[in-house]
Each structure stands twice: as C-alpha cells, then as structure tokens.
Amino acid sequence: MNRRNGNKVAGDCDSFQMESKAPEQAPSMEQKNGEIMDSEEVENGKSEPINPLAMDGTVTAPDGGWGWVVLVATILVLALTLAFPSCMGIFYTDLQTEFQASNQETSWVPSIMTSVLHAGGLGFCFSFQPAVTILGHYFVRRRAFANAMSSTGTALGLCTLPLLGNYLHTELGWRGSFLVLGAVLLNCCVCGAVMRPLGGPRHRGQPLINHRPLQLKEEKLKGRMRALWAGLMTALRRHMAFDLLCNNLRYRMYAVGITWMMLGFVVPLIYLVPYATAHDMEQSQAALLLSILGIVNIVVRPPIGLLFSLPWFKGCHTYVFSAALLVNGLSNSICCIDASFPVLLAYVVTYGLSMSVVGSLMFTVLMDTLDMSRFPAALGLLAIMESVTLLIGPPLAGILVDRTGEYFYVFFVCSATVASSAVFLMVSFYWLDRRDRRALKGQQVPPQVPPPKPASGNNLIPQCQYRSVPTEGDKDKAPDSETGDVTRL
C-alpha cells in the first residue's frame, strides 16, 4: 500500500510539474511572435530582427526603415501647421475691413494662432511638437539631415498654401477659404496615424479583479485628489524642463536667445502682403512673394542638411546658426528701401536663404545642448517661452503701424530685434566654449618626468646581470667554475 501510494503520489507530482511547466512555455511562443527569437532559431539562421530593442532593454534609433515614413509624415505636419499662420496675411485686409478693426486688433488673429501652436492645448500643437519629438527618436546618426529635411515642410507649406489661399480667396471669399483650408488640415490625423513608438510590442496580462471592499465616498475623493496632485507634479517634473533652465547654462542661454528672436522673426511674414498691397501691388504678386520664399527654402534646405551633417561642422552648429540668424535679421532692412517687386524679391530670396539655415539647425542646436531623453521636456518649455513673444509681437507691430501709418518701421524694428538675438547667442556660446576649454585644460594631469638615464652609455636591460668578459690572460688565472658562469652577449 505504501509503495502504491508512493507511486501514485509520485505520478501526481509529475503530472503537476508538467502542468505547471505548460504555462511557462506559452510566453516563449508570444515572444516568438513579438520578434524575440529563440536560441534554436538563431542557430538555424532565422534572424530577422526588426525590433530596435537592445539587449540591455534600451531603445536604439534605427536611422532609417520606418523612420523614413515618420520623416515624410513630419514634413507634411510642418507644412500644414507652421506655414499656415504666415498665410493669414492674404486675408489680413479682408478681416480688417469686415470687422472694422485696426491693425492692432487684426494682428491678434495670427498672433494667437502662432502662440497657441507653440504653447499647447490645441490641434496645431498636438500635431507639431509630437512629430518633431518622435523624429528625434528615430534618427541619431542622421539627425541633422532628418531635421533639415523635416524643416522643408515649412517651406513646402509656404510654397503652396499662399497660392491655394489666394485662389480660394478669389473664388470663395475669406469665409469659404477657411472652411476648405480647415478640411485640408485634417490630413494631420493621417500623418499622426503612421507615427508608431519605438520598441517591441507590449504584452498585457489579464486584468485583475478588484475584490477590495468599497470605501467611503470621502476617502475615495481624498485619494483621487492626492493621486491627481501627485500625477500633476510628476508630469510637471517630467515634461517641463525647469531643472534644465536652472542648471544647464547652455540651454538657458539658448532659450533666452530664441525667445527674444521670436519677437520679430515671424512678424515680417505676416505684414509682407499688407505692406506690398498698401503700395499698389496686386495681391496675386504679393502672394507670389511668399511662394518664392517657400521655393527657396525647398531648394536650399536639403543640401544644407547634408552639408552640416558632415563631421567637419561638428561642434560648429551654434555659430553657423547664429551667423545665419544675424543675416536673417539684417535682411529685413531691405524692405525699408522700397516696396517695388524687384526690391521685395531680393528681400524674400535673402530672407529665404538665411531662414533655410536657421530652420535646419534650430532643433539640432537644441539637441546638442542636452541629452536626448530630456529633449521633449526642453522643447515643451522652450515652446511655452516662445509663445509669449509670438503672442505680443504682431500686436506691438500693429500699434506701431497705427501710430506711424507706415509699414516699413515694422521691418526696421524686426531687423534690430532678430540681429540682437543673434549677437547674444554668438557671444554667449563663445564665452561658454572658452570657459569649458579652460576648465578642461585645468583638469589635465601634468606629464610625468621620465626617470634619469644610467650613467654608463650602454643601454642595460633590467633584471639582467652582466659581467665583464675576461681576456686571454685572465682565463688562465680564473678558476674553471668562474669562467663557466660568464654571461655571453
């Protein structure tokens, strides 16, 4: 009986062990479907890794593959979002006439649109900022090229949207044009659908059944409020780079310079069409100026991205960016010469060339100042800081136009504002680089003094003993035991 019971118990234990091992084999099948290969598959040569997950669990950028699809989607998103506020100049005069508004009041329309685009809360921001952030995770080695190519989206929008807006304005008026342009902007949803996160598929387990007893409503409310407050504080620490603004001096200087730059960087694009039409230029020609600006950006930005991705320009992105920003600021003074089509054509070409370099390197310089894991938070804080100056820039320009009755004062002030921000960035980063070089030079260990050479001229090998070789006369005097122990060279 004991043996039978023992055999029965052993059999039950074996069956129990087999049943307990069965669930452990199931995850291996799921891992196989999730592109995590088995050791047998590696031995058989079935290695098809498409998962960018490294062995230590970190995610590596593919620098290609699906990243090209994300790059195309980012180009379209930037074409539909960043370039759209610049097209408001086509409808500027109609809005001012329709609502009997001054320049200051009318300028709030593009300023609020541009400000909210950078500050967050609404559709443009939910399309623009995630697209730029996701693109930075897909490209590391080719990041400068990817950022330059994505910035061509703004040029593509500047090239096509003014012509489309002018045609719609002629056929449908400003109200019908806004309806059609709103339908065009829905394509951002399609672009967002192809932006999938990096990493392998996540397998979620079965949902747990909550068997805890019901609590009182007051305790539930307090717990929810605590959780909401804790989540809010965690989100602020994670997604708002206030620590970088306080501790990272390079990021602080860059953020201050870009925020000051945005006070006058976008304003000329808003007032270019009203300035041209106020001097008896046809609206179709004024819209053509914006299209030419977009064409210049499309042609120049890809070569600029390839050029500055070369190792020769490593560490010089900030100075090239500052120099291009200085040229961009000074180009606004060309409009003060005359409002004829040839002069404004020269202006948009010069402005477009410098704008191409600025747009290609803006995000690259930001990525160079900090770690890529903090880039989304740094970009979000920088966008909020930019939104303040983007909001007040056009209304201040409108006040200037209302009081002086001339548009060229706007371009003059914008020229001084952008040029001063360029000088600030150039001087600040030069001072920081010089300080870092001094600190690095002070941390270098002084070279060690070589040991003194031996007094004799012969280079003796250490740990070897040498004796003088006896002459023929000495051999007869020396004993046999001593001569047999002579070291030969």
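Because the structure is predicted, anything quoted here is derived from the model rather than measured.

Asks: Before we go on, may I ask you to explain the overall build of the protein chain in this structure?
Replies: Within the protein chain, the secondary structure is distributed over 20 helices and zero strands. Across the 489 residues that make up the protein chain, the buried fraction comes to 39%. Nonlocal contacts in the protein chain, meaning residues at least 24 apart in sequence, comprise 82% of its contacts between residues at least 6 apart. Carbon and sulfur atoms make up 62% of the accessible area of the protein chain, which amounts to about 29,300 Å² in all.

Asks: What is the right way to read the side chain of Ser354 from this model?
Replies: Mapped onto the fold, Ser354 is located in helix α16 (residues 341–368). Here Asn328 takes part through its side chain, which lies 3.1 Å from a polar atom of the side chain of Ser354. At a separation of 3.2 Å, a polar atom in the side chain of Ser354 contacts the main-chain carbonyl oxygen of Thr350. Setting aside anything within four residues of it in sequence, one finds Ser354 in contact with Ala324, Val327 and Asn328.

Asks: Sorry if this is basic, but what is going on with the environment of Val418 here?
Replies: Relative to the helices and strands, Val418 is located in helix α18 (residues 408–443). For Val418, a relative accessible area of 0% gives the class buried. The sequence separation of Val418 and Phe265 amounts to 153 residues, and the corresponding C-alpha distance is 6.4 Å. In this structure, Val418 is in contact with Met261, Gly264, Phe265, Leu325, Asn328 and Gly329, ignoring residues within four places of it in sequence.

Asks: So what exactly am I meant to see when it comes to the pattern of salt bridges here?
Replies: Two side chains carrying opposite charge are able to pair once their charged atoms lie near each other. Evaluated as defined, the whole model comprises five salt bridges. Arg250 is paired through a salt bridge with Asp433; the nearest N and O atoms lie 2.4 Å apart. Of this pair, Arg250 sits in helix α12 (residues 249–265) while Asp433 sits in helix α18, and the two are 183 residues apart along the sequence. Accessibility expressed as a relative area gives 21% for Arg250, which makes it partly exposed. You can call Asp433 buried: its relative accessible area is 17%. By sharing partners, the salt bridges in this structure join Arg250, Asp433, Arg435 and Asp436 into a single network.

Asks: Where do I start with the packing of α12 against helix α17 (residues 375–404) in this structure?
Replies: How two helices sit against one another is set out by the angle between their axes and by the gap between those axes. In the contact formed by α12 and α17, the axes pass within 7 Å of each other and the chain directions differ by 25°. Looking at the two axes, α12 sits roughly parallel to α17. Crossing of α12 over α17 shows right-handed handedness. On α17, the residues touching Tyr251, Tyr254, Ala255, Ile258, Thr259, Met262 and Leu263 of α12 are Ala378, Leu381, Leu382, Met385, Glu386, Thr389, Leu390, Ile392 and Gly393. Of the residues that constitute the contact of α12 with α17, the class distribution is 12 nonpolar, three polar and one charged.

Asks: What should I look at first to understand the state of the cysteines in this one?
Replies: Note on terminology: a disulfide is the covalent bond linking the sulfur atoms of two cysteines. Inspection of every chain in the model, using the stated rule, returns zero disulfides. The closest cysteine sulfur to the non-disulfide-bonded Cys191 is located on Cys188, 6.1 Å from its own sulfur.

Asks: What am I meant to see in the nonpolar core here?
Replies: General note: in soluble globular proteins, nonpolar side chains tend to be found buried as a group. Membership of the largest hydrophobic core comes to 88 residues, with the highest contact counts inside it found for Tyr254, Tyr271, Phe321 and Phe375. With 13 residues, α16 is the single largest residue contributor to this core. Core analysis: the next-biggest nonpolar cluster, separate from the first, contains 14 residues, Val77, Leu135, Tyr138 and Met195 among them.

Asks: Can you help me understand a nonpolar patch on the surface in this one?
Replies: On the surface, Val72, Leu76, Leu156, Ile295, Ile298 and Val299 cluster together into a nonpolar patch covering about 470 Å² of accessible area. Mapped by element, the contributors of at least two residues to the nonpolar patch are α3 (67–81) and α14 (283–308). Tallying contributions element by element places α14 first for the nonpolar patch, with three residues. Along the chain, Val299 falls in helix α14.

Asks: Teacher, can you tell me more about empty space enclosed by the protein here?
Replies: The gaps left among the atoms become clear once a water-sized probe is rolled over them. In the structure shown here, the tally under the stated rule is two cavities of 30 Å³ or more. Taken as a whole, the largest cavity holds about 460 Å³ of empty space. Every residue lining the largest cavity is counted, 28 residues in all, and those nearest its centre are Leu82, His118, Met262, Phe265 and Met362. Residue composition of the lining of the largest cavity, by class: 19 nonpolar, seven polar and two charged. Within this model, the second largest cavity holds a volume of roughly 40 Å³. Thr114, Met262, Leu263, Val266, Val267, Ile270, Thr389, Leu390, Gly393 and Pro394 together form the lining of the second largest cavity. Elements with a minimum of two residues in the lining of the second largest cavity: α12, α13 (267–278) and α17.

Thresholds applied
- Residues numbered from 1 in each chain as written.
- Predicted model: local features only at pLDDT ≥ 70, side-chain atom pairs only at ≥ 80, totals over all residues.
- Heavy atoms only, no water.
- Helix = DSSP H or I, 4+ residues; strand = E, 2+ residues; numbered from the N terminus.
- Buried < 20%, exposed > 50% of the residue type's maximum accessible area, 1.4 Å probe, protein only.
- Contact = heavy atoms within 4.5 Å.
- Areas by Shrake-Rupley, 256 points an atom, 1.4 Å probe, with all protein chains shown as cover.
- Polar contact = N/O pair within 3.5 Å; in protein donor to acceptor, adjacent residues only side chain to side chain.
- Salt bridge = Lys/Arg side-chain N within 4 Å of Asp/Glu carboxyl O.
- Axes fitted to C-alpha atoms, helices over the stretch in contact; angles between N-to-C directions.
- Parallel < 35°, antiparallel > 145°, perpendicular 65-115°, else oblique.
- Left-handed = near helix turned anticlockwise from the far one by under 90°.
- Nonpolar A, V, L, I, M, F, W, Y, C, P; charged D, E, K, R; others polar.
- Disulfide = S-S within 2.5 Å.
- Core = buried A, V, L, I, M, F, W, Y, C linked by side-chain atoms within 4.5 Å.
- Patch = residues over 30% accessible without salt bridge, like charges linked within 9 Å, V, L, I, M, F, W, Y side chains within 5 Å.
- 1 Å grid on protein atoms, 1.4 Å probe; cavity = no way out; pocket = protein on both sides within 12 Å on 5 of 7 lines; lining within 4 Å.
- Points joined across faces, edges and corners; volume = space filled by probe spheres on them.

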